[in-house]
Amino acid sequence: MDSMVKEWDSFLAQALDDRTQSDLFAASVAQLHAKAPLPGRKLAALLLGPREAEPSSIDSTVVLYLEQLLALKKVDASDVLTVTFLCSKDRLPKTGEEKPSEDAPWNNPPELEEVVFHRLHKAFAADERPVNNTEGLRTLVVVTRWMQAVVTSHTSDTMIQAMAGIQHPQQQSISVREGLAMLVIGIIENAKILQILNNPRGKDIRKSFVQSLSSFIPFLSNNSAGSQTSLQLANRLEISQKQHDFYEKLPNVDGDANENTGLEVAALQLDAAMELPQVNTRAGLYIFLNALLVARPLTDDFTIINYLHSRYKLEPQSMATDFITAAFDILANAMYRNESPSTLFYLKAFLINNVPLILSQISGSIFPMAVEMCITQALSHIDPHAFPSFSQGFDDIMGSNNSLSDVRQDFLNACALHGLIPAGTVERLLGEAPMQGPPEKRHERKQVLNQCRSNFDKVTTYIDELENLDGNAGAIVGAVTDFISHLCDTQMTMYLKQICCLIFKKPQAMDIMLQFTSPASILRPLCQFLDDWHYDNDQGEYQPAYDEFGAILVLVMAFIYRYDLTYHDIGIGSDTFIAKLLKRGHHSMLPDELTEDQGRHLANWLKGLYDADKEGLSNDVFASCHPQDFYLIVPTLFRQTVMACSHGVLSFESVKSGLEYLGETFLLPALIEGLTWMASYALLQTNNDLDAMIRIFKEVILSTPSSADAQAMHSNIIAMLSSRLERCFRTLQRREPKRANLEPFIQAIKVHSHYERSIYATLKELDRWTNAPNNTLNTSLRNTMQQLSQWASTSSMQPNPPGYTHRQVYASLKMLGATRTLRAIVDEVKTQTDAGNGATALDIGVSIICAPTVEDSPISIDWVGCSTPAPAQQRTRMNLREVLKQEFDTTANLVATDPLAAETIVRLHRRVEAQLTSLGQAGLQAPAINLPSVNIVDMQPQTISDDLNRAIDDAAAASIVEDLSNMENKALQRSMDELTGSDGLDLSSIGMGNGDTDAGNMSAGLENLPGLELVDMGDMGMDMDMNMDMGTAGGDDDWGLDFDNM
């Protein structure tokens, strides 16, 4: 053994000195291990042990070599964790063990522990570890002890720091405990580890692990020092703790574990909780459509139809009637809430363009439906004051009031266009002669696309028609989307520039486009086109290329800013140009952060813009810098401009002359990133810098470009940035009320105040929800549910809907969290149930919980019928459905204190899961999609019968028993004792005791794991100091490892 240790010692020292490449290191390790098979734990100790007192950093080469050893299976997770723990500052000496010298503690830096934790977290989360039972058991023992040590050690450190007047723990301590928390999450979410913990014979190791976890979670949460990461990790651990019941069992009077008989009785009572009648309220669908349209449109036809089928099942008449009614209700609600004209147009477009198309798909299903009767019933339910007749609405129009008198006519004409009703019935359904009839022709997508390809002027006509609200928008959107993709494929840059200019000038047309297709369908081809942009070999003038590139960029950014899109929503990678622009395009760089090329580009642009001796920007400036490179340095260009102007390096006249170029279409898009940077930078500056910035703001915001195209682009860019600019100027105005030169900016951008369609509530809405006496977001949400419940019960007598916006739910989720938001819903449903209105309130609660959302949606919005389906949503936090499931799992605890709340949670959970399950089943009836042919007959299900499973389990159990009877159990026991303290663990209960003849009764929890590889188990009997029983005469100094670079 001594010779092997020395050989490995010499090899590793030489490899670290020479910085041997990882692939060469791996080959050498395989060769040496065949010759000198050193146990994994000792090999890990040679690599990871400290070489000096209090090393200040870690050697990255050590980490690379550790990765190779793990990949080659020369060490396992428990080896690495054991050695790292023994060298950790967190490890406290055992009772009777001599404490190390205070002058020279030999510990690894905390950064190494972080690296180990995160590396092993990935391995356990991906089910790469444990490879066998032994590794899983050892890992659990080490992690159990480490959690105890962290709580003890860090608590002690906190007390000492508090006595010394230090308010916050060191960042290293926070990072270590967060890294350990990540590892624990990976472990307890690992199927193999859970089998070990849930095995009846592993009750002792489970008990120790549960005790450590129960103290570690509150410690992590209560000592976060403001770290949101710590709080999120503690919350996730707590969820897993509840999910897997990792709680200590309290002993009963007989000394046996109490199996919570009372809770089991309570659970039986809840299972028998009486169901309330199921009603499909008018408010339920009203909430659903509001959620679809409150921000970025989520109006995927397939999603809507599936939702309707899951809700109404075999009632097509009620389905169609309620759907039409709800579409009118959300429009009436917007009018009563004084929403902007653009929002009213947006909702009218959905009613007139989308609803008839969806009705035609529903009526074409296997269930017959009298559409005309459904429309008649729906029109009789809507609010006549919101949708007056023409004679009633004429006075409103003359009085400049916002009237929706034309909506019923336009909707009926659209229904006639799609063949839902005869054109002659429009007058009868209206009750008066219509002012105009349906369009003469119903557009077909393929036909419109062919016309656009053969005559580009047709594109302008069709994009203008999008705002007509006549029912033809769906075909036009499909054709225009296909045409944009065609232009990108064929590199028709001039036409792309024109069509992009046409669209970004019409934000309402953008709204209609996203009501029919996914953002990825429109934007992914354009983003890929910008990513692949390059100059032609015969490029003469380079300024026109900037002009074309800029127009496409403005359209992409217009969609992104209007609908608060991320690069993931578009379906592009993080290394693409647009993704880079979104992530860091509004951050300026310091000179030493610029690459050589960026520094050269910046110098050329500064000289070209502000050099008074030149006639202007030369063609060479454009030729030397691609547009992608230019836009990534725009914030730095603005920073240099502000600093130079503020400190007198440049005169303002020179700056003003240079900024005039930014009023031309070929450079106007630079204002997007430039003004975004200025809006945030202005809030941090001194008065001297602010004066210079306000003069620059005036030039780029209030100055009117010369050409009509430049004016339109400038206006749309200011609209995109309006909310950011307004926050900046109002903050500066509150900070310096005497500064009068800010008001013109606020007035100039006020016209664009409703440009964005995002989930964020306005300040006025937040004030309305929270400023009333004794009102909070919680009580405000409950009040809204109360109003919806009352309206749903009396909607036939009160056709006008109560004020509602799903932004209120978003605000509650963002500010209160999903748990407190769910608590408000549960409390209100419980109150309404007490008042005898439980069935209605239950449907409203279920509708809010099941409502689709832009992020973390309980319903998948896939846009499967689009040319480019939407990418899968990124998860950021738990949604209401998941929190409800978590509350349902612990509902039995509520029975004794609040039985009605417990029953309410059970009813909500049953109804939510039933609806979403039904939604999934409805999704199986998807319309035919053009996908590659698959021979389903050849894809036989790969299942194994229960009898065969039991036979395999029995055989595995027998082999495990034979292996366990021959291994060195005492050495394993000593190792466990060292890690767990004086009490140790009773491993005989899992079949590892000496001569345990009952081990064959081990249940399937352990047999399904890979077989035990216990060749090295005898070496577990190591002393827990760093001597490691390696036969070395001295201590740490004699290992011969070179850690000088750590």
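Given the structure is predicted, the values throughout are model-derived calculations rather than measurements.

Criteria and thresholds
Residues numbered from 1 in each chain as written. Predicted model: local features only at pLDDT ≥ 70, side-chain atom pairs only at ≥ 80, totals over all residues. Heavy atoms only, no water. Helix = DSSP H or I, 4+ residues; strand = E, 2+ residues; numbered from the N terminus. Buried < 20%, exposed > 50% of the residue type's maximum accessible area, 1.4 Å probe, protein only. Contact = heavy atoms within 4.5 Å. Areas by Shrake-Rupley, 256 points an atom, 1.4 Å probe, with all protein chains shown as cover. Patch = residues over 30% accessible without salt bridge, like charges linked within 9 Å, V, L, I, M, F, W, Y side chains within 5 Å. Salt bridge = Lys/Arg side-chain N within 4 Å of Asp/Glu carboxyl O. Arc of directions from axis to C-beta. Core = buried A, V, L, I, M, F, W, Y, C linked by side-chain atoms within 4.5 Å. 1 Å grid on protein atoms, 1.4 Å probe; cavity = no way out; pocket = protein on both sides within 12 Å on 5 of 7 lines; lining within 4 Å. Points joined across faces, edges and corners; volume = space filled by probe spheres on them. pLDDT = per-residue confidence, 0-100. Axes fitted to C-alpha atoms, helices over the stretch in contact; angles between N-to-C directions. Parallel < 35°, antiparallel > 145°, perpendicular 65-115°, else oblique. Nonpolar A, V, L, I, M, F, W, Y, C, P; charged D, E, K, R; others polar. Phe/Tyr/Trp six-rings, centres within 6.5 Å; stacked < 30°, edge-to-face > 60°. Lys NZ or Arg CZ within 6 Å of the ring centre and 35° of its normal. Expected span 1.5 Å × (residues − 1). Left-handed = near helix turned anticlockwise from the far one by under 90°.

Focus on the overall build of the chain
So, point 1. The helix and strand tally for the chain stands at 49 helices and zero strands.
So, point 2. When each of the 1046 residues of the chain is scored for burial, the buried share is 54%.
So, point 3. Across the chain, the fraction of contacts at a sequence separation of at least 24, relative to all contacts at a separation of at least 6, is 79%.
So, point 4. Accessible area for the chain stands at about 46,300 Å²; split by element, carbon and sulfur atoms hold 50% of it.

Digging into the side chain of Thr676
So, point 1. Within the element layout of this structure, Thr676 appears in helix 35 (residues 670-681).
So, point 2. Thr676 gets classed as buried once you look at its relative accessible area, which sits at 11%.
So, point 3. Those residues in contact with Thr676 that lie beyond four places of it in its chain are Tyr561, His586, Leu671, Leu721 and Arg724.

Digging into a nonpolar patch on the surface
So, point 1. Judged by side-chain polarity, Met492, Met494 and Tyr495 come together as a nonpolar surface patch covering roughly 260 Å² of accessible area.
So, point 2. With respect to the secondary-structure elements, Tyr495 resides in helix 24 (residues 493-504).

Things to note about helix 17 (residues 371-381)
So, point 1. Turning to helix 17, its buried residues are Val371, Cys374, Ile375, Ala378 and Leu379. End-on, the buried residues of helix 17 take up no more than an arc of 130°, which puts them together on one face.
So, point 2. Summarising the contacts, the buried residues of helix 17 are in contact with helix 15 (316-336), helix 16 (341-363), helix 19 (407-417) and helix 20 (425-430).

Digging into the nonpolar core
So, point 1. Counting residues in hydrophobic clusters, the biggest one holds 127 residues, and the most contacted among them are Ile499 and Trp605.
So, point 2. Per-element tally for this core: the top contributor is helix 27 (residues 543-563), with 15 residues.
So, point 3. Apart from residues no more than four positions distant in its own chain, Trp605 is found in contact with Tyr546, Leu617, Val621, Phe622, Cys625, Phe630, Ile633, Leu637 and Leu667.
So, point 4. In terms of nonpolar packing, the next biggest core, distinct from the first, is built from 94 residues, Leu293, Ile330, Val883 and Ile905 among them.

Brief notes about empty space enclosed by the protein
So, point 1. Under the defined criterion, the tally for this structure stands at three cavities of 30 Å³ or more.
So, point 2. Approximately 200 Å³ is the volume found for the largest cavity.
So, point 3. Lining the largest cavity we find 16 residues, and of these Leu813, Thr853, Glu855, Asp856 and Asn879 sit closest to its centre.
So, point 4. Within the residue set of the lining of the largest cavity, elements represented by two or more residues are helix 42 (807-815) and helix 44 (838-850).

Thoughts on the environment of Arg428
So, point 1. Position of Arg428 among the secondary structure elements: in helix 20.
So, point 2. A relative accessible area of 54% places Arg428 in the exposed class.
So, point 3. For the pair formed by Arg428 and Thr376, sequence separation is 52 residues and the distance between their alpha carbons is 9.9 Å.

Topic: the side chain of Lys348
So, point 1. Tracing the backbone shows Lys348 in helix 16.
So, point 2. Residues within four places of Lys348 in sequence aside, it is in contact with Leu331, Leu404, Asp406, Val407 and Leu469.

Considering the confidence of the model for the chain
So, point 1. On average, residues of the chain carry a pLDDT of 81, and 79% of them reach 70 or more.
So, point 2. No element of the chain has a lower mean pLDDT than helix 49 (residues 1004-1007), at 37, and none a higher one than helix 25 (residues 507-514), at 97.
So, point 3. In the model, residues 98-104 has pLDDT below 50 throughout and makes two contacts with residues more than four positions away in sequence or in other chains.
So, point 4. Every residue in residues 397-401 scores below 50 in pLDDT, and together they form three contacts with partners more than four places removed in sequence or on other chains.

A closer look at the packing of helix 13 (residues 282-293) against helix 41 (residues 777-793)
Between two packed helices, the angle of one axis relative to the other and the distance separating the axes together describe the packing.
So, point 1. Orientation of helix 13 relative to helix 41, taken along the N-to-C sense of each, is 130°, at an axis distance of 8 Å. The orientation of helix 13 relative to helix 41 falls into the category oblique. On the side of helix 13, the interface is formed by Arg282, Ala283, Tyr286 and Ile287, while helix 41 contributes Leu788, Trp791 and Ala792.
So, point 2. Classifying every residue of the contact of helix 13 with helix 41 by side-chain character gives six nonpolar, no polar and one charged.

Remarks on the packing of aromatic side chains
So, point 1. Summed over the entire model, instances satisfying the criterion amount to 30 aromatic pairs.
So, point 2. With 5.1 Å between their ring centres and 80° between their planes, Phe697 and Phe729 make a pair best called edge-to-face. With Phe697 in helix 36 (residues 687-702) and Phe729 in helix 38 (residues 722-735), the pair connects residues that are 32 residues apart, well separated along the chain. Pair check on accessibility: Phe697 and Phe729 agree, each one buried.
So, point 3. Three or more aromatic residues joined by ring pairs make a cluster, and in this case those are Phe529, Trp533, Tyr546, Phe549, Phe577, Trp605, Phe622, Phe630, Tyr631 and Phe666.
So, point 4. Sitting over the face of the ring of Phe652, Arg695 holds its NZ or CZ atom 3.9 Å from the ring centroid.
So, point 5. Residue placement shows Arg757 over the ring face of Tyr346; its charged tip is 4.2 Å from the ring centre.

With respect to helix 15
So, point 1. If you check helix 15, its first and last C-alpha atoms are 30 Å apart, about what 21 residues at 1.5 Å a residue would give, namely 30 Å.
So, point 2. Within helix 15, 17 of the 21 residues are buried, which leaves it mostly tucked inside the rest of the structure.
So, point 3. Of the residues one or two after helix 15, Asn338 is the one with positive phi, at around 60°.

Considering the pattern of salt bridges
So, point 1. Scanning all chains against the criterion turns up 37 salt bridges.
So, point 2. Arg138 is the salt-bridge partner of Asp79, the closest N and O atoms lying 3.9 Å from each other. Of this pair, Asp79 sits in helix 5 (residues 77-86) while Arg138 sits in helix 7 (residues 133-163); the two residues are 59 residues apart in sequence, bridging distant segments of the chain.
So, point 3. In this structure Arg138 comes out as buried when scored by relative accessible area, which is 5%.
So, point 4. Between Arg881 and Glu913 there is a salt bridge, with the nearest N and O atoms lying 2.8 Å from each other. With Arg881 in helix 45 (residues 880-889) and Glu913 in helix 46 (residues 899-923), this residue pair connects regions lying 32 residues apart in the sequence.

Things to note about the packing of helix 43 (residues 818-834) against helix 44
So, point 1. Interaxial distance between helix 43 and helix 44 falls to 8 Å at its minimum, and their mutual angle equals 165°. Considered as vectors, helix 43 and helix 44 are oriented roughly antiparallel to each other. Relative to helix 44, the crossing made by helix 43 is right-handed. Residues Leu822, Ile825, Val829, Gln832 and Thr833 of helix 43 form the contact with helix 44, whose own contacting residues are Gly838, Ala841, Leu842, Gly845, Ile848 and Ile849.
So, point 2. Grouping the amino acids of the contact of helix 43 with helix 44 by side-chain chemistry returns seven nonpolar, four polar and no charged.

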